[in-house]
Amino acid sequence: GGQASLDRLVDTTAFGLVQDWPFDRVAGVERPKAPQKPLRNIILFAYESTPAKQSEGWGGTMPVTPNLRASLSNALAFDNAYAHVPASNYFLVSAFASLIPELSAVSQPYTRPEFDFNALPKVLNGAGFRTGFFNSSDNRFQNTEVFTRAAGFETVKDYRDWTCETGIYEYTSVSEKFLNTSSDLCTVDKIMD
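Residues numbered from 1 in each chain as written. Predicted model: local features only at pLDDT ≥ 70, side-chain atom pairs only at ≥ 80, totals over all residues. Heavy atoms only, no water.

The subject of this paragraph is the overall build of the chain. Summing up its helical and strand segments, the chain has 7 helices and 4 strands in all. Listing the helices and strands of the chain from first to last along the sequence gives α-α-α-α-α-β-α-β-β-β-α. Taking contacts inside the chain between residues at least 6 apart in sequence as the whole, the part at least 24 apart equals 39%. For the chain, the accessible surface area stands at approximately 14300 Å², while carbon and sulfur atoms represent 53% of it. (Helix = DSSP H or I, 4+ residues; strand = E, 2+ residues; numbered from the N terminus. Contact = heavy atoms within 4.5 Å. Areas by Shrake-Rupley, 256 points an atom, 1.4 Å probe, with all protein chains shown as cover.)

Below, the structure is given as structure tokens:
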């Protein structure tokens with residue numbers, strides 16, 4: 001809905017609410033200085049169900065994210081990023097297209113997996129980068145595979161594309177048929193390949 005929709009989110013009276021919405025306009029992020037050497041790799045990590053308060057670098061004290069902490073000195077980290085819907089695939093729209101996804105009971109990758117947008121993978125492809133989307137889980141879940149290919153990823157892989165020595169965590173319920181997953185360690189091995 002463009003700017004009018006954003007204005008509605010800021011206007012608490014539009015929904016008859018008396019509490020303050022957590023939405024507001026921001027000045028934006030200052031563009032990072034150009035690196036001394038050209039960028040060779042860009043990696044976007046999506047951590048599932050990892051609260052910032054438990055993550056080292058954001059106030060967490062338990063050593064549960066040592067590699068994330070080690071990457072912070074070479075990364076652009078966001079301290080105030082929020083998921084407006086508690087479902088993983090909604091983040092794909094925000095991360096790849098800088099859009100607020102539909103506020104809906106079903107995710108936009110599921111309802112409109114092939115919608116056309118200027119996505120990060122397309123921009124990176126245009127700049128000469130190779131792009132890949134690797135998922136420890138099943139890319140058929142909510143049309144993730146179709147969505148990520150439409151976003152411009154050249155390589156799209158999930159747990160079905162590799163053998164994992166630690167095995168596959170399988171769900172047998174028909175309603176959860178696309179929730180199978182492998183260890184993230186196996187996914188990292190495939191990314192490294």
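Right, picking up where we left off after that structure.
The subject of this paragraph is the nonpolar core. Core analysis: the biggest nonpolar cluster contains 12 residues, these being Leu92, Val93, Phe96, Ala97, Phe115, Phe117, Ala119, Phe133, Phe147, Ala151, Phe153 and Val156. Those elements that provide at least two residues to this core are helix H3 (90-97) and helix H6 (144-151). Here the element with the most residues in this core is H3; it accounts for 4 residues. When sequence neighbours within four positions are dropped, the list of residues in contact with Phe117 reads Phe96, Ala97, Lys122, Phe147 and Ala151. (Core = buried A, V, L, I, M, F, W, Y, C linked by side-chain atoms within 4.5 Å. Buried < 20%, exposed > 50% of the residue type's maximum accessible area, 1.4 Å probe, protein only.)

On to the packing of H3 against H6. The contact between H3 and H6 brings their axes to 12 Å, and the two run at 5°. Between H3 and H6, the angle is such that the two are roughly parallel. Seen from H3, the contacting residues are Leu92, Val93 and Phe96; seen from H6, they are Thr144, Phe147 and Thr148. Considering only residue class, the contact of H3 with H6 consists of 4 nonpolar, 2 polar and no charged. (Axes fitted to C-alpha atoms, helices over the stretch in contact; angles between N-to-C directions. Parallel < 35°, antiparallel > 145°, perpendicular 65-115°, else oblique. Nonpolar A, V, L, I, M, F, W, Y, C, P; charged D, E, K, R; others polar.)

Among the secondary structure elements, Thr181 is positioned in strand S4 (residues 181-182). Note on Thr181: relative accessible area 18%, which makes it buried. Excluding anything up to four places from it in sequence, Thr181 contacts Ser136, Ser137, Tyr159, Ile168 and Tyr169.

A word on the packing of aromatic side chains. Inspection of every chain in the model, using the stated rule, returns 3 aromatic pairs. In this structure an aromatic cluster arises from ring pairing among Phe96, Phe133 and Phe153. (Phe/Tyr/Trp six-rings, centres within 6.5 Å; stacked < 30°, edge-to-face > 60°.)

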